[in-house]
Amino acid sequence: MRRVTLTQFLIEQQRAGRTSPDLRLLIEVVARAVKAIGVNVSKGALADLLGEAGTDNIQGEAQKKLDVIANEILLQANEWGGHLAAMASEEVEEVHQIPFDYPKGGYLLLFDPLDGSSNIDVNISVGTIFSVLRFPEGAKEPNEQCFLQPGREQVAAGYALYGPSTLLILTVGNGVHGFTLDREMGSFVYTHPFMTVPVDTQEYAINASNARHWEPPVQRYVAELQQGKTGPRGKDFNMRWVASMVADVHRVLTRGGIFMYPLDEKCRDQGGKLRLMYEANPMAMLVEQAGGSATTGRQRILDVQPERLHQRVPVILGSTHEVERVTAYHLEG
Ligand code: P6P
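Computed from a predicted model, the values in this text were never measured in an experiment.

Asker: So what about the packing of helix 2 (residues 21-43) against helix 3 (residues 65-79)? Which residues, and what values?
Answerer: Axis angle and axis distance: for two packed helices, these are the angle between their axes and the distance between the axes, and together they describe the pair. As a packed pair, helix 2 and helix 3 sit with axes 9 Å apart at the nearest point and diverge in direction by 155°. Taken together, the axes of helix 2 and helix 3 lie roughly antiparallel to each other. As helix 2 runs across helix 3, the sense of the crossing is right-handed. Residues Leu26, Val29, Val30, Ala33, Ala36, Ile37, Asn40 and Val41 of helix 2 form the contact with helix 3, whose own contacting residues are Leu66, Ile69, Ala70, Ile73, Leu74, Ala77 and Asn78. Here the residues of the contact of helix 2 with helix 3 sort into 13 nonpolar, two polar and no charged.

Asker: Requested: an account of the sheet that holds strand 17 (residues 315-318), with residues and values cited.
Answerer: Ordered by their spatial adjacency, five strands build an open sheet running 12-11-13-17-15, and the pairing between neighbours is mixed. Of all strands in the sheet, those bounded by a partner on one side alone are strand 12 (238-239) and strand 15 (293-295). By the bridge criterion, four bridges tie strand 13 (residues 258-261) to strand 17 in an arrangement that is antiparallel. What sits directly across from Ile258, in strand 17, is Gly318. The strands touched by helix 8 (residues 320-332) are strand 13, strand 15 and strand 17; relative to strand 17, the strand with the most contacts, the crossing angle is about 150°.

Asker: Can you lay out the UniProt feature "binding site: Mg(2+) 2" (unreviewed entry) in the protein chain for me, pointing to particular residues and giving the numbers?
Answerer: Per the UniProt record, "binding site: Mg(2+) 2" (unreviewed entry) is found at Asp112, Asp115 and Glu279. Taking the farthest pair of C-alpha atoms as the criterion, the annotated set spanning 168 residues converges on one region, since that pair is 8.6 Å apart. Here Asp112 shows up in strand 5 (residues 107-115). Not counting the four nearest positions on each side in its chain, Asp112 is found in contact with Glu90, Gly127, Thr128, Ile129, Tyr278 and Glu279. Structurally, Glu279 can be placed in helix 7 (residues 276-289). We classify Glu279 as buried; its relative accessible area is 0%.

Cut-offs used in this document
Residues numbered from 1 in each chain as written. Predicted model: local features only at pLDDT ≥ 70, side-chain atom pairs only at ≥ 80, totals over all residues. Heavy atoms only, no water. Axes fitted to C-alpha atoms, helices over the stretch in contact; angles between N-to-C directions. Helix = DSSP H or I, 4+ residues; strand = E, 2+ residues; numbered from the N terminus. Parallel < 35°, antiparallel > 145°, perpendicular 65-115°, else oblique. Left-handed = near helix turned anticlockwise from the far one by under 90°. Contact = heavy atoms within 4.5 Å. Nonpolar A, V, L, I, M, F, W, Y, C, P; charged D, E, K, R; others polar. Pairing = 2+ DSSP bridges. UniProt positions renumbered as here; feature names shortened; annotations may be inferred. Buried < 20%, exposed > 50% of the residue type's maximum accessible area, 1.4 Å probe, protein only.

If you want it as structure tokens, here you go:
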């Protein structure tokens, strides 16, 4: 079968008017950057890259060496291309400005350079998540305010998953498409056209150790799943929790499921655990583009009006019938 590469896919999207030349360039640059991140992740102990960097990120979390390397790779890869007005990273408090001697473009790139990095030292899959917004018309300078757009404004979103294969999963608003890295050729090959989330599932993902902290609607919903065929759902459910959002969401995009990091007493003061701008929003766009749903439990994630660049939100996403059920329980109170 003729192998279509990411480059060819993007040129065809551009011919169909779904991407601009600059957005195509942006995605190609991000694809090259995640290849470099994947090389570093797979070296691990061989290159003395495991363990702590000895610094903390904006979230106050100890940075892994690979967190810092992945962040640097993405910033440096995207600075010179002329396609961006600015960048924002989970690892950096301030908006990252494009160096003055480089041209600027009409897009804003946001990313979590290495999500799930606590899994690196135990060799479990981690990923990179990215989101693309337009630089607002009439905006004077690319400050934090420019980034504070609801997720429905995203023009593209995607993630790389560093697992048995290195995958790049992407949407530019016309369905979700997956690419597998051919390490010999060094190119991403189009392997997963139009990924779709089934509306029903028998698989859920949540960190069950937080059960006593969950709000009653989530406690009710999960208890029903655990009762299986002996309870009101009348069927058994299975549970998975990788603790790498990219890995858990990729499973949902591949075979369905519901992924939950709901509001609980532990993260209530922060508004949730996961970050809105570069975790929840891109994943919500992907899941909706694949026919699934994504809410905070109380509203559509893509409609949340951001107030701060690094704000957190509750996340419930995946198979629509399950997301609708647990969201209905929240609204029942
Ligand atoms: P917990 C990883 O740190 C992360 O941000 C997501 O990738 C993941 O889904 C979640 O946190 C795991 O959280 O509380 O289970 O360690």
